[in-house]
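Here is how the chains run, residue by residue.
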Amino acid sequence: MYARHGRETYRSTVPESSGQGDNGVDREIGATVVLPTMLRSHAAGNAKVLCSGSTVGEVLDSLIRQHPALKARITTGENDLRRFVNVYVEDEDARALGGVAAPIRPGATVTILCAVSGG
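The rules behind these values
Residues numbered from 1 in each chain as written. Predicted model: local features only at pLDDT ≥ 70, side-chain atom pairs only at ≥ 80, totals over all residues. Heavy atoms only, no water. Helix = DSSP H or I, 4+ residues; strand = E, 2+ residues; numbered from the N terminus. Buried < 20%, exposed > 50% of the residue type's maximum accessible area, 1.4 Å probe, protein only. Areas by Shrake-Rupley, 256 points an atom, 1.4 Å probe, with all protein chains shown as cover. Core = buried A, V, L, I, M, F, W, Y, C linked by side-chain atoms within 4.5 Å. Contact = heavy atoms within 4.5 Å.

Caption draft 1: Quick peek at the overall build of the chain. Secondary structure assignment for the chain yields 4 helices and 5 strands. Counting helices and strands in the order they occur from the N terminus, the chain gives β-α-β-α-α-β-β-α-β. The proportion of buried residues among the 119 residues of the chain is 42%. Roughly 6,400 Å² of accessible area belongs to the chain as shown, and the carbon and sulfur atoms make up 51% of that amount.

Here's what the structure looks like:
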């Protein structure tokens, strides 16, 4: 489950070419979540979203608060990550760092990747 505590000090969707969020808050304060192409339509077309939080779970909660349609795409009904969704913190698998409890430093890049199969 994702931790829910504290108040957000900012909220912002980061345009791909911008160094700041739409409210003028510097990107270095939060974590930037990078979304794969297949999820961008559920996030108003954004490739990157600035999120608050000090753990992977808190960052994902912030992402879902900003773009609720992503919840069904990345989490199960129990708020666990879907099996085919991989989250990386600065290019390291979040599962190896502690899962949703893995710490996030300010300014970190969190990348979400969805496994795709076919033949």
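Caption draft 2: Spotlight on unusual backbone geometry. Unusually for a residue other than glycine, Glu90 sits at a positive phi of about 50°. The topology assignment puts Glu90 in the loop between strand E3 (85-89) and strand E4 (92-93). Taking relative accessible area as the criterion, Glu90 reaches 35% and is therefore assigned partly exposed. A positive phi angle, close to 70°, is found at Asp91, a residue other than glycine. Assignment of secondary structure puts Asp91 in the loop between E3 and E4.

Caption draft 3: Up close: the nonpolar core. Formed by 25 residues in total, the largest nonpolar core has its most connected members in Leu63 and Ile112. Looking at this core, the elements with two or more residues in it are strand E1 (31-34), strand E2 (48-51), helix H2 (56-66), E3 and strand E5 (109-114). With 5 residues, H2 is the largest single contributor of residues to this core. Among residues more than four places away in sequence, those in contact with Ile112 are Val33, Val34, Leu35, Pro36, Leu39, Leu60, Leu63, Ile74, Val85, Asn86 and Val87.

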